[in-house]
Amino acid sequence: MYSIKEVKQIINAHGPIIREATVSVLITDSRRIINPAEALFFALSGRRDGHDFIPEAYNAGVRSFVVEREPAERYSGSNFLVVENVLAALQTLAAYHRGEFDLQVIGITGSNGKTIIKEWLYQLLAADKNIVRNPKSYNSQVGVPLSVWQINKEHDLGIFEAGISTVNEMDALEKMIEPQIGIFTHIGSAHDEGFASRREKVLEKLKLFKHSEILIYNYDQFIDYKKDILTPKKFTWSQKFKEVDLYVFSETIIAKKFYLRAKYKGQEIECLIPFLDQASIENAIVCWATMLAMGYDPVEVDNRLEHLTAVSMRLELKTGINDCTIIDDSYNSDIQSLEIALNFLNQQNQHQTKTLILSDIFQSGLQQNELYKRVAALVKNHKIDKLIGVGEGISAHQEYFDILKKHFYPDTQSLLKQLDSLEFSGETILIKGSRTFEFERISKALSQKAHETLMEINLNAMIDNLNFYRSKLLPGVKVMVMVKAFSYGSGTFEIANVLQYARVDYLAVAYIDEGVALRDSGITLPIMVLNPEASAFDKMVAHDLEPELFSFNQLDEFVKFAYQNNLSDYPVHLKIDTGMHRLGFEGFEIETLCDFLEEIKYIKVKSVFSHLAASGSPEHDAFTLTQMKRFEKAYLQIEEALGYKFIRHISNTSAIIRWPMAQYDMVRLGIGLYGIDAAVPDHLNGLQSIATLKTSVSQVKKIPAGETIGYERLGKLNKDGKIATVRIGYADGYLRAFGNGVGKMLVKGTWVPTVGNIAMDMCMIDVSDVDIKEGDDVIVFNDRQAIEAMAKQIGTIPYEILTNISQRVKRVYFYE
Ligand SMILES: *Cc1c(COP(=O)(O)O)cnc(C)c1O
């Protein structure tokens, strides 16, 4: 903890100190403010200027700010520390903090495996060290300072990962991490585009170790960099070369574990690793090498490696029993990831009641009193309504929790016994536990049984896609996200709540009921309704939904309604038909429209818009230009008649990048959010697929050549083989057109064709050449290419594939 005066000195800021304050929390996101009395807000400029969020932070109680310019408004009683560069100030403060402690630090960089290795070393070393580490993969220019800031005097080991994407980024991270022990994980292609060459990338990453005493790395990968590795000591490992510190010469599988043997200091040593994939083996060898380099006894290392467990950074959002929503984060628990999970809980507004099921937290580096005081503050800050504490530690400190509904249990079993009596209903429940508490049992008991076909939605990838498009917008252009049709099949309030948190400007739905459902789930963003039905205008207005008006009939009806209901200045959106010929006022109608609008006071034109018929197709570019010209003519006429400005918009996804001049004041993002945009050339394509549709095998059968398979006896194998019956059919949205070899599914890394007709609830695939058994997963699609390929196979477009997935297919959302 520092006084605000000390901080000012450390970061070399000017500006008067108006109030004395202690600084214990660094805030870089105004949506995530905890302990405001001791918080220091850094107005970082990213996609949005952090200075814009000063009012929000101030309203949340923050009174100390680091800024590049003093705000024009007055914020009474606040300290504004003015610096040249806010990010540099944050990093300077973190580097200073790091310098105050002489703990041992492991620094990790490389293209892959950083987070897994960090988490595994934590699992391996937690028995005898008090460890501080990055939460999740907070390894960026902002993530590292926030991670390092957690160091306190109880810690004797830090494990920090550093991630960079271009040149001249590592020096700042090195100053904050200052590792004595370095680990270079693996060089791969990630972020190659940020560097002139692979060599440039490696040299930049090596800067993390410029003051380290020892570097641990895979000898094979660094043969060309011998002269560039300057640490006094090196610890090398290899599966090919003998002349290394740890030569792993044999790997065999014993009882579903990898059994590795190696030469180390002239002796043969061994270990068992409870994983079977190559990436895990490599990561485990790195951990093995690191522990040996740290002086651990090989037998002890073997004992610990055998107990490694999978690292899950995932937090899953799923449907629970009794109309509850479950957020499942049952695999690890520490203060930082608790804060992240609570924050995610607060993004989801569909239920009034927010419940937290929390186990003891281990390895916090804090005294129990201090630990649970902080946990209690987090719980209070995040306005949790109901707390269920499990474990002796948390139970012993229950008086700290200032909350009406609280229950404590000594262990998971006791909670499970009482689960029914807790009567969960209509609430959002966050399940957060240390691994040993096996909270997955609670999660299972509270979740709805999933039909084994499910669609997983990656929320991080969705936000990355949103930000990809934001990065392509001209300054000031707003974003409306189209969440019609169950957000293109991917979900309603789950998606909308995340978008609201990500601060999009507008949402649009097709029908009034869709909008009402969003309002009922806590969505406060403005919502446009594309096709509002007159019979539900009252519902629309009661829920603050804004109609699209596209014809005189409909305009008349709404105005009549507005008059009868005493509305004034009700926001509406005028749709102009510029060539799509679907909905909208046509060019010749605009004059009459203007005459009409000039007379009316009940409505206010919030926006004027049109829709492009073929914005992604070069062969129609001339037509797209014509549409824009017609649009411009129309909105200018309307603007003149009304005498005020409104938002103008015409771009759908495929226009955003191809037609920057068509962005006007706002774009309407649709399918791009879900990772699909045929108009983006592959080399510019920063989009990620967000959906995986998975099913599973109910039965496997041997089928002799010539036997027929399925309805109408259309399926046949050419030679003796095997089929698997999987749990998806046309009622799930896997259309009948995919039958008889047209559709393919991914089974253990191989695409295999369907055999015979698709049935209502299931279908058959040819698995003659794959090793598969009942219960195994089968992937129907998992990325953009797969969705696009599927669409092609049956002569349709990705939109139809996505929106066809039926509601009975469970959606599970995850966030890492
Ligand atoms: C659906 C829709 C969009 C979004 O289209 P995408 O091609 O998915 O980006 C935009 N505007 C209107 C009026 C729409 O109906």
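Residues numbered from 1 in each chain as written. Predicted model: local features only at pLDDT ≥ 70, side-chain atom pairs only at ≥ 80, totals over all residues. Heavy atoms only, no water.

(A) Spotlight on the overall build of the protein chain. In terms of helices and strands, the protein chain carries 25 helices and 39 strands. Here the C-alpha radius of gyration of the protein chain, 29 Å, is about what a compact globule of 816 residues would show, namely 28 Å. By principal-axis analysis of the C-alpha atoms, the protein chain measures approximately 90 × 90 × 60 Å. When burial is assessed residue by residue, the protein chain has 56% of its 816 residues classed as buried. Expressed as a percentage of contacts within the protein chain between residues at least 6 apart in sequence, the contacts between residues at least 24 apart total 65%. By element, 49% of the accessible surface of the protein chain is carried by carbon and sulfur atoms, the whole surface being about 35200 Å². Across the protein chain, the mean location of the 89 positive side-chain charges is 2 Å away from that of the 105 negative side-chain charges. (Helix = DSSP H or I, 4+ residues; strand = E, 2+ residues; numbered from the N terminus. Rg over C-alpha atoms; globule rule 2.2 N^0.38 Å. Buried < 20%, exposed > 50% of the residue type's maximum accessible area, 1.4 Å probe, protein only. Contact = heavy atoms within 4.5 Å. Areas by Shrake-Rupley, 256 points an atom, 1.4 Å probe, with all protein chains shown as cover. Lys, Arg positive; Asp, Glu negative; His and termini not counted. Charge placed at Lys NZ, Arg CZ, Asp CG, Glu CD.)

(B) Structural view of the site of the ligand. As a matter of local geometry, the ligand sits amid M482, K484, Y488, L530, R582, H611, N652, T653, R668, G670, I671 and Y799. Interatomic distance of 2.5 Å between a side-chain N/O atom of T653 and an oxygen atom of the ligand. Calculation on the ligand without its partners gives an accessible area of 390 Å², and the protein chains cover 93% of this total. Broken down by class, the residue content of the shell around the ligand amounts to 5 nonpolar, 4 polar and 3 charged. (Near = heavy atom within 4 Å. Polar contact = N/O pair within 3.5 Å; in protein donor to acceptor, adjacent residues only side chain to side chain. Nonpolar A, V, L, I, M, F, W, Y, C, P; charged D, E, K, R; others polar.)

(C) Quick look at the packing of helix α15 (residues 459-470) against helix α17 (residues 493-501). Where α15 contacts α17, the two axes come as close as 11 Å, and the packing angle between them is 50 degrees. As the angle between them shows, α15 and α17 are arranged oblique. Considering how the two elements wind past one another, α15 and α17 form a crossing that is right-handed. Across from L459, M462, I463 and L466 in α15, the residues of α17 making contact are I495, V498 and L499. (Axes fitted to C-alpha atoms, helices over the stretch in contact; angles between N-to-C directions. Parallel < 35°, antiparallel > 145°, perpendicular 65-115°, else oblique. Left-handed = near helix turned anticlockwise from the far one by under 90°.)

(D) Quick look at the sheet that holds strand β26 (residues 545-549). Strands sit in the order β23-β24-β25-β26-β27-β28-β29-β30 around a closed barrel of 8 strands; the barrel is parallel. Along the sheet, successive strands turn relative to each other by an average axial angle of 30 degrees, direction set aside. In terms of strand pairing, β26 meets strand β27 (residues 570-576) through 2 bridges, oriented parallel. Across the sheet, E548 pairs through a bridge with H573, a residue of β27. Docked against the sheet, helix α20 (residues 552-564) engages β26, β27 and β28 (603-610), running at close to 145 degrees with respect to β26. Contacts from helix α22 (residues 621-642) reach β27, β28 and β29 (647-651), with the element oriented near 165 degrees to β28. (Pairing = 2+ DSSP bridges.)

(E) Examining the environment of H407 more closely. Position of H407 among the secondary structure elements: in strand β20 (residues 405-409). Classification of H407 as partly exposed rests on a relative accessible area of 29%. Once the C-alpha coordinates of H407 and F439 are considered, the two residues, 32 residues apart in sequence, prove to be 16 Å apart. Sequence-distant contacts of H407, that is, excluding residues within four places in its chain, are made with L387, I388, G389 and L422.

(F) Fine view of the UniProt feature "modified residue: N6-(pyridoxal phosphate)lysine" (unreviewed entry) in the protein chain. UniProt records the feature "modified residue: N6-(pyridoxal phosphate)lysine" (unreviewed entry) at K484, using the numbering of this structure. Residue placement: K484 occurs in helix α16 (residues 484-489). You can call K484 partly exposed: its relative accessible area is 26%. Residues within four places of K484 in sequence aside, it is in contact with A508, V509, A510, E514 and L530. (UniProt positions renumbered as here; feature names shortened; annotations may be inferred.)

(G) Highlighting the UniProt feature "binding site: substrate" (unreviewed entry) in the protein chain. In the numbering used here, UniProt assigns the "binding site: substrate" (unreviewed entry) feature to R582 and M760. On the basis of their most widely separated C-alpha atoms, the annotated residues across 179 residues do not gather in one place, lying as much as 33.7 Å apart. Structurally, the position occupied by R582 is in the loop between β27 and α21 (590-599). By relative accessible area, which is 56% here, R582 ends up exposed. Every residue in contact with R582, bar those within four places of it in the chain, is listed here: D577 and H611. Setting aside chain neighbours within four positions, we find M760 in contact with G729, Y730, A731, D732 and R808.

(H) The arrangement of the pattern of salt bridges in detail. The final tally for this structure, using the stated rule, is 38 salt bridges. K118 serves as the salt-bridge partner of E161, at 3.1 Å between the closest nitrogen and oxygen. With E161 in strand β9 (residues 157-161) and K118 in helix α4 (residues 114-125), the pair connects residues that are 43 residues apart, well separated along the chain. Both residues of the pair, E161 and K118, count as buried. As a salt-bridge pair, R441 and E438 come within 3.5 Å of each other at their nearest N and O atoms. Classification of E438 as partly exposed rests on a relative accessible area of 37%. Sharing partners across several salt bridges, the network here consists of R314, E316, K318, D328, E456 and K694. (Salt bridge = Lys/Arg side-chain N within 4 Å of Asp/Glu carboxyl O.)

(I) Layout of the domain arrangement of the protein chain. Domain assignment breaks the protein chain into domain 1 (2-85), domain 2 (101-305), domain 3 (315-449), domain 4 (456-684) and domain 5 (691-815). If you average the C-alpha positions of domain 2 and of domain 3, the two centres end up 33 Å apart. Taken together, the contact pairs 13 residues of domain 2 with 11 residues of domain 3. When the two sides are added together, the surface that domain 2 and domain 3 hide from each other amounts to roughly 930 Å², 41% of it contributed by carbon and sulfur. Across the contact surface, domain 2 and domain 3 share 1 salt bridge. Residue R133 is joined to D334 by a salt bridge in which the shortest nitrogen-to-oxygen separation is 3.3 Å. Of the residues contributing to the side of domain 2 that touches domain 3, the split by class is 5 nonpolar, 4 polar and 4 charged. (Domains from an automatic or database assignment. Buried area = accessible area lost by both parts, 1.4 Å probe.)

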